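Chain by chain, the residues run as shown.
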There are 2 protein chains.
Amino acid sequence: MASSLHLSQALLARAVYLDGSNSCCSDRVSLSFPSFSGLKSHSPCKVATWSSGSRRRGGSSSVRATAVETLDQTTEVSLVEKSVNTIRFLAIDAVEKANSGHPGLPMGCAPMGHILYDEVMRYNPKNPSWFNRDRFVLSAGHGCMLQYALLHLAGYDTVQEQDLKNFRQWGSRTPGHPENFETLGVEVTTGPLGQGIANAVGLALAEKHLAARFNKPDSEIVDHYTYVILGDGCQMEGISNEACSLAGHWGLGKLIALYDDNHISIDGDTEIAFTENVDKRFEALGWHVIWVKNGNTGYDEIRAAIKEAKAVKDKPTLIKVTTTIGFGSPNKANSYSVHGSALGAKEVDATRQNLGWPYEPFHVPEDVKKHWSRHAPQGAKLEAEWNAKFAEYEKKYSEEAAELKAIITGELPAGWEKALPTYTPESPADATRNLSQQNLNALVNVLPGLLGGSADLASSNMTLLKSYGDFQKNTPEERNVRFGVREHGMGAICNGIGLHSPGFIPYCATFFVFTDYMRAAIRISALCEAGVIYVMTHDSIGLGEDGPTHQPIEHLASFRAMPNVLMLRPADGNETAGAYKVAVVNRKRPSILALSRQKLTQLPGTSIEGVEKGGYTISDNSSGNKPDVILIGTGSELEIAAAAAEDLRKEGKAVRVVSFVSWELFYEQSDEYKESVLPASVTARVSIEAGATFGWERIVGSKGKAIGIDRFGASAPAGKIYKEFGITKEAVIAAAKQLS
Amino acid sequence: MASSLHLSQALLARAVYLDGSNSCCSDRVSLSFPSFSGLKSHSPCKVATWSSGSRRRGGSSSVRATAVETLDQTTEVSLVEKSVNTIRFLAIDAVEKANSGHPGLPMGCAPMGHILYDEVMRYNPKNPSWFNRDRFVLSAGHGCMLQYALLHLAGYDTVQEQDLKNFRQWGSRTPGHPENFETLGVEVTTGPLGQGIANAVGLALAEKHLAARFNKPDSEIVDHYTYVILGDGCQMEGISNEACSLAGHWGLGKLIALYDDNHISIDGDTEIAFTENVDKRFEALGWHVIWVKNGNTGYDEIRAAIKEAKAVKDKPTLIKVTTTIGFGSPNKANSYSVHGSALGAKEVDATRQNLGWPYEPFHVPEDVKKHWSRHAPQGAKLEAEWNAKFAEYEKKYSEEAAELKAIITGELPAGWEKALPTYTPESPADATRNLSQQNLNALVNVLPGLLGGSADLASSNMTLLKSYGDFQKNTPEERNVRFGVREHGMGAICNGIGLHSPGFIPYCATFFVFTDYMRAAIRISALCEAGVIYVMTHDSIGLGEDGPTHQPIEHLASFRAMPNVLMLRPADGNETAGAYKVAVVNRKRPSILALSRQKLTQLPGTSIEGVEKGGYTISDNSSGNKPDVILIGTGSELEIAAAAAEDLRKEGKAVRVVSFVSWELFYEQSDEYKESVLPASVTARVSIEAGATFGWERIVGSKGKAIGIDRFGASAPAGKIYKEFGITKEAVIAAAKQLS
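The rules behind each value
Residues numbered from 1 in each chain as written. Chains lettered and ligands numbered in written order. Predicted model: local features only at pLDDT ≥ 70, side-chain atom pairs only at ≥ 80, totals over all residues. Heavy atoms only, no water. Axes fitted to C-alpha atoms, helices over the stretch in contact; angles between N-to-C directions. Helix = DSSP H or I, 4+ residues; strand = E, 2+ residues; numbered from the N terminus. Left-handed = near helix turned anticlockwise from the far one by under 90°. Contact = heavy atoms within 4.5 Å. Nonpolar A, V, L, I, M, F, W, Y, C, P; charged D, E, K, R; others polar. UniProt positions renumbered as here; feature names shortened; annotations may be inferred. Buried < 20%, exposed > 50% of the residue type's maximum accessible area, 1.4 Å probe, protein only. Pairing = 2+ DSSP bridges. Right-handed = clockwise from strand over helix to strand, strands pointing away. Core = buried A, V, L, I, M, F, W, Y, C linked by side-chain atoms within 4.5 Å. Domains from an automatic or database assignment. Buried area = accessible area lost by both parts, 1.4 Å probe. Salt bridge = Lys/Arg side-chain N within 4 Å of Asp/Glu carboxyl O. Polar contact = N/O pair within 3.5 Å; in protein donor to acceptor, adjacent residues only side chain to side chain. Least-squares fit on C-alpha atoms with pLDDT ≥ 70 in both. Expected span 1.5 Å × (residues − 1). Phe/Tyr/Trp six-rings, centres within 6.5 Å; stacked < 30°, edge-to-face > 60°. Lys NZ or Arg CZ within 6 Å of the ring centre and 35° of its normal.

Asker: Can you help me understand the packing of helix α5 (residues 104-120) of chain B against helix α6 (residues 144-154) of chain B in this one?
Answerer: Each pair of packed helices can be summarised by the angle the axes make with each other and by the distance between the axes. Residues and elements named next belong to chain B. Close contact between α5 and α6 brings their axes to 9 Å; oriented N to C, the two are set at 35 degrees. Classified by chirality, the crossing of α6 by α5 is right-handed. When α5 is examined against α6, the residues L105, P106, C109, A110, G113, H114 and Y117 are found in contact with a partner set consisting of M145, L146, Q147, L150 and L151. In terms of residue class, the contact of α5 with α6 is built from nine nonpolar, three polar and no charged.

Structure (structure tokens):
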């Protein structure tokens, strides 16, 4: 509607807005062009400038440029600038030494990074895990030297000078992208674009949930912000739109995302592929949007924007910070060449010249060091104050305090596993998705950190917690999360929840086949050690009529191949309970539960203990560990194996039936145990699973037979497809007879 | 900006807009409330109504409601309504008979479906593959009975009455979601939400590209629209935002998407998870947006909106059509219960009552049948006219006609494979990603349908076609597509391009690990038989410092497990050329090329012919098909296997080295051939691949040894990681000695 706003107009509009009046607030506006002293020793920076009108998109939006207000900020501008340049050169030097990395983002984002870590955020560098800390996520993870430099200056022990010098080297604590499992002080694992902003939505959800659940009128015991820096790449990824749509829907007012609007991505100017109006999109998603036009040196603009963002309580805020990638590099700034490569010795020198930086590589000037040194004592003080507050809280609200403590520490309540339901062969046949719901509803009563939901399939995935309402903007204390049809965002949000506090046990759900939509997030769960529980129903052709687009085939194999994932496919009630026990205990690796849509018999011989071993014998009429044949099944096909065994035994065969619910757990058992289940001497082995046979040779051996499906599924009633695809008792019996 | 617009205001605004004046065009506005005759035999429909103000989002947007203009449309309203109800009841009856399916969408979308297929679209039902047809995509694929009913009425032979009665049954042509490979007349395969709208972007891109390349001032030989119906679920998925952002960027003016705004998804009212302003988001993405407030009976509104959309040439159009899911069902309309289940006999009866439908199940009233019968002759005429036009075109522009014909028919130019580059062991060592670029640039000269690009990694994936410019809004004749950081959208867009015409050979690229972002689209490529070429570089820990977030581990295994995918991992120049030969020839299955970032030696013994067999011997000093040991490698590890063989041979061993570039192709060979490469009697087999060992037992057998990586990667220089992870010549030699 409004046409392109010139800076002055924007400021005017902004001033009006702040005042709530129509009179121009001239003294405020007069602050809009502060003259920075900069460093006196050098000529003005040669970085190209351009008029925002001709170059920048977003002019047609209604987004206001931020007004300039001075925060309670007393640091001299010259020292700020020196600190900012320290950050820039730590990044430049580390990338140069490694001859690998991404200097462009840290050089452009150093000002906002400085302001966040030095002026805005509350944290304790000597205890990076302090519960009530502000969270920071570098969604544009390739710019990790920004974060390492900031952690270094702030006094985190994990990033010392030697670590910066070991950037991207074997065994270092400063890997090529931020990894929470390598570097204390890094909250999540980023690099794959868009994951970080979605993680941040999860972190902010976690805070809002805990605050609503545990804060009291006289004690705001949970109270922190979540800050993000994201780039153009994050913005283009669909996952960020999914997560940000939810953040707007949920009104996550303490989520503040700084968008590094540098107009450059790897392929060059973003004009070649990214001309949408980001501001307007975020407004459409229900965010508050602010534009900082000068992110390179507009310190006060950045401060004012953050202040404004914090004042907006009912919406997340996107601060679009227009920066120059590689700011300070006279020949490479504002080009893709500074994005992902070392500057090279010559350009490093030129940048030192240009920014007036006389120091050796990795040097932190004394005044900068001294300035930052306050964070260790200040952080200790913040934590001590909070601890005292919590002690008070505990006295008054002992029950709530115990719950919160469990979430903070991750300690599982004693005897929690007694809540798991048990079943007998006489229990009614049921779909494991329904049995899963019984487990969830039993566990939520004993696990204070359990919460989650489905990607718009709650009534199919059977994930509703019946004694809780929906986590929504105005009911954030509730524990049913409604993700909408946003699988990828859902997974990454759950990673954020899981990494917020060790006692969170997030679960999320969709049809198993749609793990394809969220695979990148599941992989990050595995890598970043987030114990998310993936409740994946409709796990085979057994879903029937929806057909091949909805029928997983290769998915079990594809997750068995993925490191640090527990792929579980329970066969009945006891195994579903066992799968939940495993999933809850394993807080450092995600569990994927593949669950049936269709009813399954409760089988004799299944057990929670068996599931914990991954593979185990559920029935056997052989002796001396020498069955004629071993039948191996998982999930819905275990009952087929059991039925085949019954028939074979009638014909005089010695048959063992093995449930192979989790390959990973089985291969973690002792050799003796494995031999007791799958004796090497018994090569007559038949497996049956309604999925790809890929990988089954590991179990059945070269002489065994894997019955499975190595084509896409079909649309028809489930029983018909099973029969047509040969996933039948008869097929097992025939194979067993052939082998034994 | 603008406050909530009431209908009359919106119409006024619209009228002003159309006139380009400020005077209110009252006669036009007076058309805004046409009184439909409806069916006289029944009382007014009991479907709940609500005030748009309280119920609907989007009120704060600037989107105009569409004005009502009568198209050149002479069908009586009563007949239109009868046709619309025919569509509704065909859907109701088929779902009822199958006792499975989704009646809600067809009942709500029948009016727009009718208008598209009966009044707007150009097609030839007797030749569903006629090149210049309008394309239609049902992105909300679960509503497939809408499309089947329309194809049936329009006279497509693939959907006859018996097919409707066989809905969702084994072997039918009417599966549970639209599948192009089952049903001629269905363009793409949908169901997984968001894929369809992204496919449609690809279809529209294809049209825009061909039109720019082949149309002449005197002959518009390429000229069709792409229509889509998508729902709330599609809108929530990140992939749709990715694809629609690109559609806006590219200015795909002939893409018209009708958004079934029914406010209901599986979990209930979309208010629980989806409150963003979709209109505004699409405007931000550069789309023209129109709102049809009454999609249930507002035929003229729908017509006017489509007319307006067609008039907007430089932007794609989103028509938000507000409908009632399950329209006509007195007790289930406007609730999730009508989304995905049969209505049940009682409610079917009540709906028949309510809509005044006295007919038997599956009945098409004679007047409706007669009305639709004109499409067969009209379609034949359209095609005949186009054929005549093409004959003219061919006379004048023989060269262009030949190219276009190749794209239309999919026939590869004779001798095209001669363009493939060849290499000798003396050729310089190079990364296979660079060798890939040599192939792409050679092939683009001989394959008129080759086009593609990267998800913002063109300079890393090495995918630029050097003799072409960028496909952009104003240069759509070019062949380098810039997808931005949107892997998922990219894959689905390429599926759309590939299915537009058999001669299109779309390729797309990112880092191999980021196939995780686009896995759902790759699976659809495989299922829908789109021969997309996936150029996936940085295919292992060999990428080095970027670390585990960027290093694929399980990806080779995960695609080997996926049906109908060719997973190729070439080792050098000849194998890269071979991989391209395979990829180009296989037009009905996608090929994934895993390519190295790092330099690889050109190996003796590699060949294009070898690659075509999937696995083959590259060197052997044994005789009688009895080597002491077989060393098996793929891609960058083949040179390690070769080097190990050299050392072992020096020690007197008879060693065969096998390149296993594509498992799928190998297992398609004759038993004799397979035995000649991997003789059953030789169990001493060592494989080496910088990826998960999962699945390798199939190749190396129970007695062999698979060297690989079953953990996540690490951030360090590549050589260091190879060494630390034991992906070395020494490890191969040690394993070989142990086994032989």
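Asker: Explain the UniProt feature "binding site: Mg(2+)" (unreviewed entry) in chain A here, please?
Answerer: Residues and elements named next belong to chain A. According to UniProt, the "binding site: Mg(2+)" (unreviewed entry) feature falls on D232, N262 and I264. Considering the C-alpha atoms alone, the annotated residues occupy 33 residues of sequence yet fold into one spot, their largest mutual distance being 7.6 Å. Locating N262 in the fold gives a position in the loop between β3 (255-261) and β4 (264-265). Mapping I264 onto the fold places it in strand β4. Looking at I264, the relative accessible area reads 7%, which means it is buried. The residues touching I264, leaving out its near neighbours within four places in the chain, are D232, D269, T270, I325, N334, S335 and Y336.

Asker: Looking at this structure, how should I read the sheet that holds strand β17 (residues 616-620) of chain A?
Answerer: Hydrogen bonds between backbone atoms are what pair the strands of a sheet, whose relative direction is either parallel or antiparallel. All names here are of chain A. In space, the five strands of this open sheet follow the order β17-β19-β18-β20-β21, with mixed pairing throughout. Edge positions in the sheet fall to β17 and β21 (705-707), since each has one partner strand and no second. Averaged over all adjacent pairs, the angle separating strand axes in this sheet is 20 degrees, with direction ignored. Note: β17 against strand β19 (residues 655-659), four bridges, orientation antiparallel. Residue pairing in the sheet places Y616 in a bridge with S659 of β19.

Asker: Got a minute to help me understand the pairing of strand β7 (residues 317-322) of chain B in this structure?
Answerer: Along any regular strand, the residues point their side chains to alternate faces of the sheet. Residues and elements named next belong to chain B. The buried fraction of β7 is high, at six of six residues. Relative to β7, strand β3 (residues 255-261) is paired through six bridges, and the arrangement is parallel. Across the sheet, A257 pairs through a bridge with L318, a residue of β7. Sheet analysis places strand β6 (residues 288-292) next to β7, joined by five bridges and oriented parallel. Considered in β7, the bridge of H288 is made with T317. Once the chain exits β6 it traverses helix α12 (residues 299-311) before rejoining the sheet at β7, and the crossover so formed is right-handed.

Asker: I tried to follow the nonpolar core on my own but got confused; where do I start?
Answerer: For soluble globular proteins, nonpolar side chains are generally found buried alongside one another. Counting residues in hydrophobic clusters, the biggest one holds 154 residues, and the most contacted among them are L631 and I727 of chain A together with L631 and I727 of chain B. Other than its neighbours up to four places away in sequence, L631 of chain A contacts A641, A644, A645, L648, V655, R656, V657, V658, V686, V732 and A736 of chain A.

Asker: Would you mind going over the UniProt feature "domain: Transketolase-like pyrimidine-binding" (unreviewed entry) in chain A with me for this structure?
Answerer: Using the residue numbers shown here, the UniProt feature "domain: Transketolase-like pyrimidine-binding" (unreviewed entry) corresponds to residues 430-602 of chain A. Between the end C-alpha atoms of residues 430-602 of chain A there is a gap of 8 Å, over a span that is 36% helix and 19% strand.

Asker: Hey, could you run me through the domain arrangement of chain A in this one?
Answerer: One frequent convention defines the size of an interface as the accessible area lost when the parts assemble. Residue and element names in this part refer to chain A. The assigned domain composition of chain A is domain 1 (76-378), domain 2 (416-594) and domain 3 (614-739). One C-alpha centre belongs to domain 2, the other to domain 3, and the line joining them spans 26 Å. Of the residues lining the interface, 25 residues belong to domain 2; the matching set on domain 3 comes to 32 residues. With both chains or domains summed, domain 2 and domain 3 bury close to 2,200 Å², and 56% of this area falls on carbon and sulfur atoms. Our count for the contact surface shared by domain 2 and domain 3 stands at three salt bridges. Two residues, E637 and R569, come together in a salt bridge whose shortest N-O distance is 2.7 Å. The tally of links between domain 2 and domain 3 comes to 14 residue pairs in polar contact (both at pLDDT 80 or more). Counting residues per element, the ones that place at least two in the side of domain 2 that touches domain 3 are α21 (555-560), β14 (566-568) and α22 (573-585).

Asker: Hey, could you run me through the interface of chain A and chain B in this one?
Answerer: The partner chain B presents 103 residues to the 102 residues of chain A that form the contact. Surface buried jointly by chain A and chain B totals about 8,500 Å² across both partners, of which 58% is contributed by carbon and sulfur atoms. Contact with chain B buries surface across chain A, with W170, R523 and F694 of chain A losing the most and accounting together for 11% of the total. Connecting chain A to chain B are 55 residue pairs in polar contact (both at pLDDT 80 or more).

Asker: What is the right way to look at the relation of the copies chain A and chain B in this model?
Answerer: Two copies of the chain are present, and they differ by a rotation about an axis and a shift along that axis. The transform that puts chain A on chain B rotates by 180 degrees and translates by 0.0 Å along the axis, for an RMSD of 0.0 Å. Given the turn and translation reported, the copies of this chain are related as if by a two-fold rotation axis. Taken together, the interface assignments show that 100% of the residues at the interface of chain A recur at the interface of chain B, consistent with an identical surface on both copies.

Asker: Any chance you could explain helix α4 (residues 77-98) of chain B here in plain terms?
Answerer: Given 3.6 residues to a turn, an α-helix orients residues that are three or four positions apart in the same direction. Residues and elements named next belong to chain B. Between its terminal C-alpha atoms α4 stretches 32 Å, which fits the 32 Å expected from 22 residues at 1.5 Å a residue. Summarising burial for α4: 18 of the 22 residues are buried, a large majority. Of the residues trailing α4, N99 is marked for its positive phi of about 50 degrees.

Asker: Before we go on, may I ask you to explain the packing of aromatic side chains in this structure?
Answerer: In this description, an aromatic ring pair is defined by two values, namely the gap between the centres and the angle between the planes. The final tally for this structure, using the stated rule, is 51 aromatic pairs over all chains. Relative to W696 of chain A, the ring of W663 of chain A lies with its centre 4.8 Å away and its plane at 75 degrees, an arrangement referred to as edge-to-face. Separated by 33 residues along the polypeptide, W663 of chain A in helix α25 (residues 663-667) and W696 of chain A in the loop between β20 (685-688) and α27 (697-700) bring together distant segments of the chain. Taken individually, W663 of chain A and W696 of chain A each receive the classification buried, so the pair is uniform in this respect. Note on W357 of chain B and Y359 of chain B: the rings are 4.7 Å apart at their centroids and 75 degrees apart in plane angle, and the pair reads as edge-to-face. Residue W357 of chain B is classed as buried on the basis of its relative accessible area of 3%. For Y359 of chain B, a relative accessible area of 23% corresponds to the partly exposed category. Across the ring face of Y225 of chain A, the terminal group of K254 of chain A is positioned such that the distance to the ring centre comes to 5.6 Å. Residue placement shows R479 of chain B over the ring face of Y468 of chain B; its charged tip is 4.7 Å from the ring centre.

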